Amino acid sequence: MGIDFFPWRKPKRQHKCGQTHTKQNMDFSFPFISFFLHFLLLVSLVCHVYSSETSGQNQTFLPEKEFHNLKNTINIHLGRINKPPVKTIHSFDGDIIDCVPTHKQPAFDHPLLKGQKPLVPPGRPRDYNQLNNINDNFQLWSLSGESCPEGTIPIRRIKEQDMLRGCSISTFGRKLKRVGRDTSGDGHEHAVGYVSGNEYYGAKASINVWDPQVESQYEFSLSQIWVIAGSFGEDLNTIEAGWQVSPELYGDSYPRFFTYWTSDSYQGTGCYNLLCSGFVQTSNKIAIGAAISPTSSYNGGQFDISLMIWKDPKHGNWWLEYGNGELIGYWPSSLFTHLKDHATMVQFGGEIVNSMSTGSHTSTQMGSGHFAEEGFAKAAYVRNMQVVDSDNSLIPLPNLKVVADHPNCYNIQQGTNNGWGNYFYFGGPGRNVKCP
């Protein structure tokens, strides 16, 4: 079942950010983005019942031998993910952060990366302007005053209960492609801005952080950047980074910084954060998967995180930077097929999972939980969006388009001004009188 898009034009609206801007018209008549969103509806972390691997989380339901086999399987998997630390930090939110020697991180378990060490950071793209007054201490664990020493990276420790919440042990930390499932039921819903049709070598944006309410453990709400290449068969390549609230993955409702990658349409490669081998972390300051603080408040203070993903012209790896120049790490080009060369699409915005667990649309919020037309300090935003071109230069978005596949539940409105460049407001409450 496909997604129907109905072209219309939104009237000009006055945003409340106190800056003059021009509103561009929305256009939902682009088959490429329609096809991409239809594809994403087939990819879900929604899991109403545990698989046979995890159904034995309570010993009462399994014979003793099978229960111990399950525990052994979990422990083996945890041994692959959790590396021996040289220091351990206990966060206020209950997270345990392990300071792991850089050369012993999970990335170097990958067959293509064994024996390697982290590369020297590359230069930034041309026309790169380093942001000022950006605080690197945007995660709860770092507020303790503790830090990981040079030569190590902070890794959020995975616990047994984390794995038991998942759909299965073998797919823990991965998105699951559900081929042939009814996409009119539970699925992914988006409000995004995108560019396509050219060669892209990176993207940059500042993403407003909120703590949206998520109705079900098997739903999530996120805001992120996607860097995309390949077809929508079995060879889709994506690199993703942003923040998300995911009770299934993290066991709480904190917004958390995350990354993701896949080279085969979410089938067997890639994962969230450092839950598999692949992404090489270089920063000793930022823990991928850790909770973000502060967050934005309705009609109050606003907080955003600035992220840049770009391809190093010399080695071809895709680097990730936060804020005022803190390099988090890189995705080696050898992980990918199409992204070994360049991206063909860049996307920014919000996504939720609607599991229809109560028989009606979910009340899971996107962004702030308020619609785009409410504007600054009330609706979520993405601002200062740019892409990296073939000349390794950061440029404004050429021909930005926006789309919301369920506009009565979550919508989007774009604009431009001198301070924010290309930006949009987006989000919504989910279930309401127009979104039953």
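Because the structure is predicted, anything quoted here is derived from the model rather than measured.

Peer 1: What exactly am I supposed to notice about the pairing of strand 19 (residues 411–417) here?
Peer 2: Across a regular strand the side chains alternate sides, sitting on one face of the sheet and then on the other. The buried fraction of strand 19 is high, at 7 of 7 residues. Side-chain alternation along strand 19 places Asn 411, Gln 413, Gly 415 and Asn 417 on one buried face and Ile 412, Gln 414 and Thr 416 on a second face that is also buried. One ladder, built from 7 bridges, connects strand 19 with strand 20 (residues 421–427); its direction is antiparallel. Residue pairing in the sheet places Gly 415 in a bridge with Tyr 423 of strand 20. Hairpin geometry of strand 19 and strand 20 is characterised by an intervening segment of 3 residues between the two adjacent antiparallel strands.

Peer 1: What am I meant to see in the layout of surface pockets here?
Peer 2: If you add up the space inside the second largest pocket, you get close to 270 Å³. Lining the second largest pocket are 17 residues, with His 77, Arg 174, Leu 275, Cys 276 and Ser 277 sitting closest to its centre. Of all the elements, helix 2 (residues 64–81) adds the most residues to the lining of the second largest pocket, at 3 residues.

Peer 1: Would you mind going over the packing of aromatic side chains with me for this structure?
Peer 2: Counting across every chain of the model gives 16 aromatic pairs. Between the aromatic rings of Phe 138 and Tyr 322, the centroid separation amounts to 4.3 Å while the plane-to-plane angle is 15°, which identifies the pairing as stacked. Remark: Tyr 322 occurs in strand 13 (residues 318–322) and Phe 138 occurs in the loop between strand 3 (96–101) and strand 4 (152–156); sequence separation between them is 184 residues. Judged by centre distance (4.6 Å) and plane angle (40°), the rings of Tyr 381 and Trp 420 are tilted. You can see Tyr 381 sitting in strand 16 (residues 380–388) and its partner Trp 420 sitting in the loop between strand 19 and strand 20, a full 39 residues away along the chain. Look at Trp 420 and you get buried, because its relative accessible area is 10%. Members of the aromatic cluster, each reached through a chain of ring pairs, are Phe 376, Tyr 381, Trp 420, Tyr 423 and Tyr 425. Here Arg 124 stacks its cationic end above the ring of Tyr 128, 5.8 Å away from the centre of that ring. The ring of Tyr 260 is capped by Lys 175, whose NZ or CZ atom sits 5.0 Å from the centre of that ring.

Conventions and cut-offs
- Residues numbered from 1 in each chain as written.
- Predicted model: local features only at pLDDT ≥ 70, side-chain atom pairs only at ≥ 80, totals over all residues.
- Heavy atoms only, no water.
- Buried < 20%, exposed > 50% of the residue type's maximum accessible area, 1.4 Å probe, protein only.
- Helix = DSSP H or I, 4+ residues; strand = E, 2+ residues; numbered from the N terminus.
- Pairing = 2+ DSSP bridges.
- 1 Å grid on protein atoms, 1.4 Å probe; cavity = no way out; pocket = protein on both sides within 12 Å on 5 of 7 lines; lining within 4 Å.
- Points joined across faces, edges and corners; volume = space filled by probe spheres on them.
- Phe/Tyr/Trp six-rings, centres within 6.5 Å; stacked < 30°, edge-to-face > 60°.
- Lys NZ or Arg CZ within 6 Å of the ring centre and 35° of its normal.

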